[in-house]
Amino acid sequence: MTYNHFADIILPFAVKGIFTYRIPEELSESIVPGIRVLVQFGSKKLYSGIVCKIHGDSPSGIKLRSIISALDSSPVTNEIQLKFWSWISEYYMCSIGEVMKAALPSDLCLEGVASVPVVEKYKPKEETFIKLAAGFSESELNTILDKLARAPAQAKILTEYLRLSDYAGVKESKPVRKSILMKQSGSSPGIIDALIRKKIFLPFSLETRRLTDTESPAEPLKELSTIQITALNEISDLFKEKDVVLLHGVTSSGKTEIYIHLIEEQLKKQKQVLYLLPEIAVTAQIIQRLRRHFGQITGIFHSRFNDAEKVEIWNRVSEEDTEKRYSLIIGVRSAIFLPFRNLGLIIIDEEQDGSYKQHDPAPRYNARDSAIVLAGMHKANTILGSASPSIESYNNAVIQKYGLAELNERYGQVRLPEIIVANLREAYRKKLMVSHFTPELLEAMDEALGKNEQIILFQNRRGFSPYIECPECGWIPKCVQCAVNLTYHKGISRMVCHYCGYSTGIPAQCPNCHSTGLITRGFGTEKVEDEIKIVFPAARVARMDQDTTKGKNSFEKLIRAFEERQSDILIGTQMISKGLDFENLTVVGVLNADNLLNFPDFRAHERSFQLMEQVSGRAGRRQKPGKVIIQTFDPGNRIIRLVLHHDFKNMFRIQAEERKAFNYPPFCRMIKITIKHKDRSLLNIWADILGRDLKSVFGGRVLGPEFPLISQIQLWYIKTILIKLEREKPVVPAKHTIMEAIERVEKEKGASSLKIAVDVDPY
Ligand code: ADP
Ligand code: ZN
Ligand code: ZN
C-alpha cells in the first residue's frame, strides 16, 4: 500500500513559513494532521511541531529530514484552529510558529537539544488508589483478620479500608485513595505495602483532575424586563442578517443578563460559547454569576493558571463527551486559541477595552477582531457589548456592517449617577483643598461614610506615578536602562522602573547638587491611601493596583472583602473601572481627569470618555442613588462636558469627524514598525534606510522614523515608522511590500543586531 510520504509542520519560532519533513514508513499510520511530532531543526535542536498537512508532493531539490516520532495518538488541535492560526499570522504579519507558541499551552511545546532527551512536560496528575486484591467474602475476610492478629497495625488499616469503602461483600471492591486511607488509619505507607505483598490489597493509579469543579444546582435565569426582552429579540432578529451585533447599553442596564439568556439558547443547541472579558480583575464576579446558572460546564481561562491546569482546560474544551466538555468558556484574550469544537456564539464584553490587544510579543493581535474572524470560521455569531463602544465598532454599526441593539435605561428604574465636576484650579486658589480632595469630593465622602456606604477612588497611574525630585536643581532620578523616570514606591522604600523592573534605593542626597532636601512629586494610589488615612482616620481603606494584586487569588480576595464591606474606601487604577457590581457603593471619585485627557495619543479623548463613563458606572447600581465627582483643572473640557450628560453619541460624532479630518483609524489602516538597536547612531542609519525604502513605494503614507515618547527601554534605543493606508485599497499586497522592505534591511551586512517588529492595528 502506498502512503503520503510528506508532512508539513509548524515549528514554534519566528522563522517564516512551514517546514516539510519525510514520514518514515513505520510512522505512516500514526501521523495525522493536528498531532504533535518531534523533529530536528538546525544542527542539534529538537522541537515539537504540529502537523498541518500530509501530502505526496516531494519538494524538489532539497534533502528532507525524517520525523523522529509522533507525540500524540490523537490530534491536539483541530482544522479550524490551524486555519485560524494561519489567518492571524497573515493579518498580523508574523510567523505561524509565533502564533502556535502563543496558542498552545507551553507544556505542549517542547524544545531541547539532541543530546538531552526531550521529556514531555505535561503529565496528568495521578493518584494511587487501593482496593481489595480479590472479591473476598465476609468469612474470608474474617480469616484474614484473624491471621493478622499479630500485626495489629495491618489489621487496623484493613478494617479502616472496609469502613471507608462501605464493604458490602460484592465482587468488585470500591477503591479508596491511598492518601485518605493513610490519614484515617494514622498508619504509614510501609504497612499498606505489607498488605499489598500479602495479596490482600491491590494498588492502582487513576488520573485525577487538578481543576476542581463546584457542584451546585443551577439557578433558573432571571426574568427579563420589557426593554430587556425587546433588546434580546432585536439581537436575535439582527443575527438573521448580520454575524456581529453591537449591544450598546448604559452601565447596569442588564447586558450581562442578556448574555446569560443568549448563552442558554446556545447550550440548548449543544453549541459552545466563548465569553471574553478584558481582564481577570473582573472575572471573579462574572464567574460567580455564570456558574450559578450553568455550573459544571463552565470553564475559566486566564494567564494565572499554571501550565498543567491550562492543558486540562484545553483538553476539556475539545472533549468529545458532551457531559465532560466545557460548553461555556469565560476567558481573557488568549482564550480565543482554545480548541473549540463547535462554537455557536462569542460574547465580547467591554469590547472597547485596550487589553484585548496584545502589544508584545508577536502575534500582536487584537482578540476582539480575531474573535470575530474565529466566529466566522465556526459559522457562529458574535456579540460586542459596551456602555461606551469603541469608535471603530460604533462606526461599523453606523455603516451597518454590524447590527446595533441599545439599552438606554438602567435595570429596575435605577437612575444613572449624578455627575459633579469639581474645579481643582479654583479649589487650590481658594486654598480649599485637603490633601488631594476638593470640597465637593470631601463632602460626598463624608456623607457616604456617615451612612455606612462605600466609596471608590480612581487614580490613573499612567504618567502620574510619584517620583522624586531635587527642588534645588530639578534633578529627577531616571532608569539606567530606559528613558523614563523611576517611580517612587513608599511601601518598599525604593524607586522602580515600570518598564524594565530595575529598582534602586532612595538617595540620601541629590547626586547633582548634593542638596539633601529631595521631595516626592505626583501621586499614585499608594500616596492617596496614605493621605486618606489622615483625612478620614476612622475609614477602612483598601487599594487595588498592580502591586496589591500579584498573587493568584488576590483580585478575588480584594473584591470579596469590599463586597463584604470589610473596607469603606477602595482606591485603584483602571482595574477598578471594569464591570464590578457593588451593592453598597454610592460615591466614585476621579481624582484627576486631566491626565487621561492630555495623554499624547489619538485615542486619548475616546479613552478618557470611556474610562470616566465606566468608573462612574460603578456608582449607585441598586436602589441607593450614586454620585460621581470628577476633579479637573479644566472643567470646561469638551469631553468632560459630554461625560456629564452621558452623551456617547455626540462624543462619537465629534471624534469621528476629527479622525476623518486627520486621517486616523477607523478611517485608515495603521501599521507600525518598531526598530531597536543598542547603538543610537546605527539605529538612526538603519531606520532611515528602511524609511526611505518604504517612502519610495508608499510616499506620504509613511510617517517617521522618529523617536517615540519612550525612546529607550532596557538599553535598546527605539524608533518607530508609522504607515497609514487607505481602507478602500487591498491591504494584502501592501503588507507584502512592507515585509519585503523589512527583509531587505535585515539581510544587509551589519543589520544582524537590529530588532524589527511589525504591529498591525497598533492602537
Ligand atoms: P450591565 O452588564 O449592563 O452593567 P448587569 O447585567 O450587571 O448590567 O445588571 C445590573 C444589575 O441589575 C445586576 O445586579 C443584575 O443582577 C440586575 N439585573 C439586571 N437585569 C435584571 C433582571 N431582569 N432581573 C433581576 N435583576 C436584574
Ligand atoms: Zn527601565
Ligand atoms: Zn539637586
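Residues numbered from 1 in each chain as written. Chains lettered and ligands numbered in written order. Predicted model: local features only at pLDDT ≥ 70, side-chain atom pairs only at ≥ 80, totals over all residues. Heavy atoms only, no water.

Novice: How would you sum up the site of ligand 1? Please name residues and give values.
Specialist: Taken together, 17 residues lie around ligand 1, and E223, Q228, K255, T256 and R289 are the ones closest in. Contacts to ligand 1 include Q228, whose side-chain N or O atom sits 2.9 Å from a nitrogen atom. For ligand 1, an oxygen atom lies 3.0 Å from a polar atom in the backbone of G254. When its residues are assigned to classes, the shell around ligand 1 shows three nonpolar, six polar and eight charged. (Near = heavy atom within 4 Å. Polar contact = N/O pair within 3.5 Å; in protein donor to acceptor, adjacent residues only side chain to side chain. Nonpolar A, V, L, I, M, F, W, Y, C, P; charged D, E, K, R; others polar.)

Novice: Account for the nonpolar core, naming residues and giving values.
Specialist: Formed by 143 residues in total, the largest nonpolar core has its most connected members in W85, Y275, I336, I673 and L694. For W85, the contacting residues outside a window of four places in its chain are I10, I50, T77, I96, V99, M100, A103, L104 and F337. A422, L441, I455 and I629 belong to the second-largest nonpolar core, a separate cluster that totals 20 residues. (Core = buried A, V, L, I, M, F, W, Y, C linked by side-chain atoms within 4.5 Å. Buried < 20%, exposed > 50% of the residue type's maximum accessible area, 1.4 Å probe, protein only. Contact = heavy atoms within 4.5 Å.)

Novice: Hey, could you go over the packing of helix α7 (residues 226-239) against helix α8 (residues 255-268) for me, with residue numbers and the actual values?
Specialist: Packing of α7 against α8 leaves a shortest axis separation of 10 Å and a crossing angle of 45 degrees. The orientation of α7 with respect to α8, classified from their angle, is oblique. Between α7 and α8 lies a crossing of right-handed hand. Contacts between α7 and α8 involve Q228, A231, L232 and I235 from the first element and I258, H261 and L262 from the second. When grouped by side-chain class, the residues that make up the contact of α7 with α8 number five nonpolar, two polar and no charged. (Axes fitted to C-alpha atoms, helices over the stretch in contact; angles between N-to-C directions. Helix = DSSP H or I, 4+ residues; strand = E, 2+ residues; numbered from the N terminus. Parallel < 35°, antiparallel > 145°, perpendicular 65-115°, else oblique. Left-handed = near helix turned anticlockwise from the far one by under 90°.)

Novice: I'd love a proper account of the pattern of salt bridges, names of residues and values included.
Specialist: Per the stated rule, a full pass over the model turns up 26 salt bridges. Salt-bridge contacts for R36 lead to D72; the nearest nitrogen and oxygen are separated by 2.8 Å. Note that R36 is positioned in strand β3 (residues 36-40) and D72 in the loop between β5 (69-70) and α1 (79-91), a separation of 36 residues in sequence. Classification of D72 by relative accessible area gives buried; the value is 14%. Two residues, E606 and R603, come together in a salt bridge whose shortest N-O distance is 2.9 Å. With respect to burial, E606 and R603 carry one shared label: buried. Through salt bridges with shared partners, a single ionic network connects E351, R368, D369, E392, R603, E606 and R659. (Salt bridge = Lys/Arg side-chain N within 4 Å of Asp/Glu carboxyl O.)

Novice: Would you mind going over the packing of aromatic side chains in detail, with residue names and values included?
Specialist: Working definition: an aromatic ring pair is given by the centre-to-centre distance plus the angle between the planes. This model, assessed by the stated rule, comprises 19 aromatic pairs. Taking 4.8 Å as the distance between ring centres and 45 degrees as the angle between the ring planes, the aromatic pair formed by F13 and F41 counts as tilted. Here F13 is found in the loop between β1 (6-10) and β2 (19-22), whereas its partner F41 is found in the loop between β3 and β4 (45-55), with 28 residues between them in sequence. For F41, a relative accessible area of 27% translates into the label partly exposed. When the ring of F562 is compared with that of F582, the centres are 4.9 Å apart and the planes differ by 85 degrees; the resulting orientation is edge-to-face. A residue pair is termed long-range when its members are at least 10 positions apart, and F562 in helix α16 (residues 554-563) and F582 in the loop between β25 (569-572) and β26 (585-590) qualify at 20 residues. As far as burial versus exposure is concerned, F562 and F582 are alike and both buried. Three or more aromatic residues joined by ring pairs make a cluster, and in this case those are F13, F19, F41 and Y47. Above the ring of Y326, the side-chain terminus of R316 is found at 4.3 Å from the ring centroid. (Phe/Tyr/Trp six-rings, centres within 6.5 Å; stacked < 30°, edge-to-face > 60°. Lys NZ or Arg CZ within 6 Å of the ring centre and 35° of its normal.)

Novice: Provide a residue-level description of the coordination of the zinc ion (ligand 3), including the pertinent values.
Specialist: As a benchmark, a tetrahedral metal site with four donors has ideal angles of 109.5 degrees, while an octahedral site with six donors has ideal angles of 90 or 180 degrees. In the first shell of the zinc ion (ligand 3), the protein supplies C470 (SG), C473 (SG), C510 (SG) and C513 (SG), at 2.3 to 2.4 Å from the metal. Taken together, the four donor atoms surrounding the zinc ion (ligand 3) define angles of 102 to 114 degrees at the centre, an arrangement classified as tetrahedral. If you list the donors of the zinc ion (ligand 3) from N- to C-terminus, the spacing comes out as C-x2-C-x36-C-x2-C. Here the residue C470 occupies a position in the loop between β19 (467-469) and β20 (487-489), and C510 occupies one in the loop between β22 (503-505) and β23 (519-521), the gap between them amounting to 40 residues. Here C470 falls in the buried class, since its relative accessible area comes to 0%. (Donors = N, O, S within 2.8 Å, 3.2 Å for Na, K, Ca; no water. Tetrahedral: all angles 85-135°; square planar, octahedral: opposite > 155°, others 65-115°.)

Novice: I'd love a proper account of the environment of Y763, names of residues and values included.
Specialist: With respect to the helices and strands, Y763 occurs in the segment after β32 (755-760). Classification of Y763 by relative accessible area gives buried; the value is 17%. C-alpha of Y763 to C-alpha of P466: the two residues are 297 residues apart in sequence and 26 Å apart in space. Every residue in contact with Y763, bar those within four places of it in the chain, is listed here: K357, E392, F602, R603, R607, P665, M670 and R727.

Novice: Residues and numbers for the packing of α1 against helix α2 (residues 96-103), please.
Specialist: Where α1 meets α2, the closest approach of the two axes is 8 Å, and the angle between their N-to-C directions is 120 degrees. For the element pair α1 / α2, the angle class is oblique. Handedness of the α1/α2 crossing: right-handed. Between α1 and α2, the contacting residues are L82, W85, S86, I88 and S89 on the first element and I96, V99, M100 and A103 on the second. Residue composition of the contact of α1 with α2, by class: seven nonpolar, two polar and no charged.

Novice: Tell me about helix α6 (residues 189-197), and please be specific about residues and values.
Specialist: Within an α-helix, residues lying three or four positions from one another point in the same direction, as the helix has 3.6 residues per turn. Of the positions making up α6, those classed as buried are I192, A194 and L195. Looking straight down α6, one finds its buried side chains confined to an arc of 155 degrees; they lie on one side. (Arc of directions from axis to C-beta.)

Novice: Before we move on, could you go through the sheet that holds strand β18 (residues 454-458) and cite the residues and values that matter?
Specialist: Taken in spatial order, the six strands of this open sheet run β17-β27-β26-β18-β25-β24, and their pairing is parallel. Edge strands, defined here as strands with exactly one partner in the open sheet, are β17 (418-423) and β24 (541-544). Across the sheet, the axes of successive neighbouring strands diverge by a mean angle of 20 degrees, strand direction being ignored. (Pairing = 2+ DSSP bridges.)

Novice: How would you explain unusual backbone geometry if you had to name every residue and give the values?
Specialist: Looking along the chain, the bond that leaves D360 and enters P361 is cis, with omega of -10 degrees. Considering the arrangement of structural elements, one finds P361 in the loop between β14 (343-349) and α11 (367-377). Even without being glycine, M93 reaches a positive phi, approximately 55 degrees. As for its position among the elements, M93 is in the loop between α1 and α2. For M93, a relative accessible area of 8% translates into the label buried.

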